[in-house]
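# Descriptive structure summary
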There are 2 protein chains.
Amino acid sequence: MKRTRHQHMMKLISEKDIKTQEQLTELLRADGFAVTQATVSRDIKELGLVKTTAQFGGYKYAVQSMPEIEDTSEQLNIFSKAVVSIDSALNQVVIKTYAGMAQAVAASLDRMMSNEIVGSIAGDDTVLLIVRTEETAMLTVSRLKKMFYKRR
Amino acid sequence: MKRTRHQHMMKLISEKDIKTQEQLTELLRADGFAVTQATVSRDIKELGLVKTTAQFGGYKYAVQSMPEIEDTSEQLNIFSKAVVSIDSALNQVVIKTYAGMAQAVAASLDRMMSNEIVGSIAGDDTVLLIVRTEETAMLTVSRLKKMFYKRR
DNA sequence: CTCCAAAATGTATATTTATACATATTATAC
DNA sequence: GTATAATATGTATAAATATACATTTTGGAG
């Protein structure tokens, strides 16, 4: 449920100017997601959304596009800073990153999990991992996600 | 005074992880800017700063980088001009484009169909889309083809 | 299925942020 | 210079957001 809700939230904020978490809560409710402001606040944190200045004076929620890169570049660090989302289909794991960072993430993952990964390809902002089975793919997603959130 | 303060605020948030406006107020005070939280709140709005998720679970203020501009008709246009062919295999959709245009097409498709697409990777003249199922892949091909022909 | 642990969520509330209103400061015209 | 308008700021507080704690739900392991 959380997963679907997160996706729906992204959709909502891309379609409308949402000023408050209360408003977002109501919209979610209207679409059948029974949540409270507290949960929305947590979701916003997890999705990395931000309250930003809107066109005409007010505020609205939006995705925070690009974090500044700082600190030293250890593997996990690169990973947690560059990754936007992680998903799988069949035996493929797809990792979306901020623009230009896919290469770095792929290299990092190659080093970290070379045994699970059959192969990897990186474009500009997407990494594709080929693993052996559908199960491995799902497992990999959940492992990567844990890693990802632990680091935030 | 305001101008200088704004500059100093930018400097502060780039150097430190500032969690609250109260904290920023104190830092400004320590550097000789006599302000209150109210003013800081207004400054933040004017500077377009956002409270975003930090590395280790907390929040911090940061600059909100430019949001991408979405123009669906423009997207369609890029698409129809660049694409050469569309085909699928299993859960993968392969789109061939004229040389050097794959990146633009991929970006365009990402925005247009983010729900269907698990991930996309673009080389120079080929885009690979990963979707969830074989059915989705075929459906996507037919939708893209329709779109493609409508525009020519 | 039962038990346990982890994750998710709600409730109530503390914390944080935005703003209405009053006052002060700065700029502009004369 | 003075008068007037525009801008900036503080104070007090309303509004919005984050979170401690309690409860529910979910996901294995046996």
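Below: a short report on this structure. The shown structure was predicted, so the numbers you read here are calculated from the model rather than taken from an experiment.

Thresholds applied
As a convention, each chain's residues are numbered from 1 in the sequence order in which they are written. Think of it this way: whatever chain is written first is A, whatever ligand is written first is 1, and the rest follow in order. Since the coordinates come from a predicted model, pLDDT governs what is reported: local features require at least 70, and pairs of side-chain atoms require 80 or more to be given and counted, while whole-chain, interface and lining totals use all residues. For side-chain calculations, the full set of non-hydrogen atoms in the structure is used, while hydrogens and water are omitted. Only strands joined by at least two bridges in the DSSP assignment are considered to pair. Going along the chain from the N terminus, every DSSP run of H or I of four or more residues is numbered as a helix, and every run of E of two or more is numbered as a strand. Aromatic pairing here means that ring centres of Phe, Tyr or Trp (its six-membered ring) are within 6.5 Å. Orientation follows from the plane angle: under 30 degrees is stacked, over 60 is edge-to-face, and everything else is tilted. Our definition puts a charge over a ring when NZ of Lys or CZ of Arg is within 6 Å of the ring centre and also within 35 degrees of the ring normal. Consider each residue's heavy atoms; a residue with any of them within 4 Å of a molecule or strand counts as near. Under this definition, polar contacts are N or O atom pairs within 3.5 Å; protein pairs additionally need one hydrogen-donor-capable and one acceptor-capable atom, and for neighbouring residues in sequence, both atoms have to be side-chain atoms. Basically, the charged four are Asp, Glu, Lys and Arg, the nonpolar ten are Ala, Val, Leu, Ile, Met, Phe, Trp, Tyr, Cys and Pro, and anything else, Gly included, counts as polar. We place a 1 Å grid over just the protein atoms. Points where a 1.4 Å probe fits but has no way out form a cavity, open points with protein on both sides within 12 Å along at least 5 of 7 lines form a pocket, and any residue with an atom within 4 Å of a point lines it. Grid points are joined across faces, edges and corners, and a volume is the space filled by probe spheres set on the points. To obtain an axis, a line is fitted to C-alpha atoms, over the contacting stretch when the element is a helix, and the angle between two such axes runs from 0 to 180 degrees between their N-to-C directions. Crossing handedness is defined as follows: a turn of the near helix away from the far one that is anticlockwise and smaller than a right angle gives a left-handed crossing, while the clockwise case is right-handed. We call two residues in contact when some of their heavy atoms are within 4.5 Å. Any residue with relative accessible area above 30% and no salt bridge may belong to a patch, with like charges joined within 9 Å and the nonpolar Val, Leu, Ile, Met, Phe, Trp and Tyr side chains within 5 Å. Note that accessible areas follow from Shrake-Rupley with a 1.4 Å probe, and for residues the cover is restricted to the protein chains shown. We define a salt bridge as a contact between a side-chain nitrogen of Lys or Arg and a carboxyl oxygen of Asp or Glu at a distance within 4 Å. Should an angle fall under 35 degrees it is taken as roughly parallel, and over 145 as roughly antiparallel, whereas 65 to 115 is taken as roughly perpendicular and any remaining angle as oblique. Take the buried Ala, Val, Leu, Ile, Met, Phe, Trp, Tyr and Cys residues and link them wherever side-chain atoms come within 4.5 Å; each set so joined is a nonpolar core. Accessible area is worked out with a 1.4 Å probe on protein chains only. A residue is then buried under 20% of its type maximum, exposed over 50%, and partly exposed in between.

### Quick look at the pairing of strand β6 (residues 126-131) of chain B
Residue and element names in this part refer to chain B. Pairing geometry for strand β4 (residues 92-97) and β6, over five bridges, is antiparallel. Among the inter-strand pairings, Gln 92 is bridged to a residue of β6, identified as Ile 130. Of the strand pairs in this sheet, strand β5 (residues 117-122) and β6 are connected by five bridges, and their pairing is antiparallel. Residue pairing for β6: Gly 119 is matched across the bridge by Ile 130.

### Describing the packing of aromatic side chains
This structure, assessed with the given rule, holds zero aromatic pairs over all chains. The aromatic ring of Tyr 59 of chain B is capped on one face by Lys 51 of chain B, whose charged end is 5.3 Å from the ring centroid.

### Some remarks on the protein's contact with DNA strand D
Taken together, 19 residues are adjacent to DNA strand D, and Gln 21 and Tyr 61 of chain A together with Arg 5, Thr 39 and Arg 42 of chain B come closest. The sugar-phosphate share of atoms of DNA strand D within 4 Å of the protein amounts to 65%. The side chain of Ser 41 of chain A places a nitrogen or oxygen atom 2.9 Å from a phosphate oxygen of DNA strand D. Separating a phosphate oxygen of DNA strand D from a side-chain N or O atom of Tyr 61 of chain A is a distance of 2.5 Å. Elements supplying a minimum of two residues to the surface near DNA strand D: α3 (37-47) of chain A together with α1 (2-15) and α3 (37-47) of chain B. Ranked by residues supplied to the surface near DNA strand D, first place goes to α3 of chain A with five residues. Tallied by class, the residues present in the surface near DNA strand D amount to six nonpolar, six polar and seven charged.

### Some thoughts on the layout of surface pockets
One number sums up the size of the second largest pocket: a volume of about 350 Å³. What lines the second largest pocket is a set of 17 residues, among which Gln 21, Lys 51 and Tyr 61 of chain A together with Lys 51 and Tyr 61 of chain B lie closest to the centre. Partitioning the lining of the second largest pocket into residue classes produces 10 nonpolar, four polar and three charged.

### Describing the packing of helix α1 (residues 2-15) of chain A against helix α2 (residues 21-30) of chain A
All names here are of chain A. Here α1 crosses α2 at 115°, and the two axes come no closer than 11 Å. Judged by the twist between their axes, the crossing of α1 over α2 is right-handed. Between α1 and α2, the residues in contact are Arg 5, His 8, Met 9 and Leu 12 and Leu 24, Leu 27 and Leu 28, respectively. Considering only residue class, the contact of α1 with α2 consists of five nonpolar, one polar and one charged.

### Quick notes on the protein's contact with DNA strand C
Around DNA strand C, the structure places 18 residues, and the nearest of them are Arg 5, Thr 39 and Arg 42 of chain A together with Gln 21 and Tyr 61 of chain B. At a separation of 2.7 Å, a phosphate oxygen of DNA strand C approaches a polar side-chain atom of Arg 5 of chain A. Here a phosphate oxygen of DNA strand C and a side-chain polar atom of Thr 39 of chain A are 2.5 Å apart. In terms of residue count, α3 of chain B provides more of the surface near DNA strand C than any other element does, five residues in total. Tallied by class, residues from the surface near DNA strand C come to six nonpolar, six polar and six charged.

### Let's talk about a nonpolar patch on the surface
Together, Val 84, Tyr 98 and Met 101 of chain B make up an exposed nonpolar region whose accessible area comes to about 260 Å². For Val 84 of chain B, the position within the fold is in strand β3 (residues 83-89).

### A closer look at the packing of α1 of chain A against α3 of chain A
All names here are of chain A. At their nearest, the axes of α1 and α3 sit 11 Å apart, and the two run at 75° to each other. In terms of axis orientation, α1 runs roughly perpendicular to α3. The residues of α3 that touch α1, namely those facing Lys 2, Arg 5, His 6, Met 9 and Met 10, are Thr 39, Val 40, Asp 43, Ile 44, Glu 46 and Leu 47.

### Some thoughts on the nonpolar core
Generally speaking, soluble globular proteins have nonpolar side chains that are buried together. Ile 86, Val 93, Ile 95, Val 105 and Val 127 of chain A are the most contacted members of the largest nonpolar core, which totals 18 residues. Contributing elements (two or more residues each) for this core: β3 (83-89), β4 (92-97), α5 (102-112), β6 (126-131) and α6 (134-150) of chain A. Broken down by element, the residue count for this core peaks at four residues, all from α5 of chain A. Val 83, Ala 102, Ile 117 and Val 131 of chain B belong to the second-largest nonpolar core, a separate cluster that totals 17 residues.

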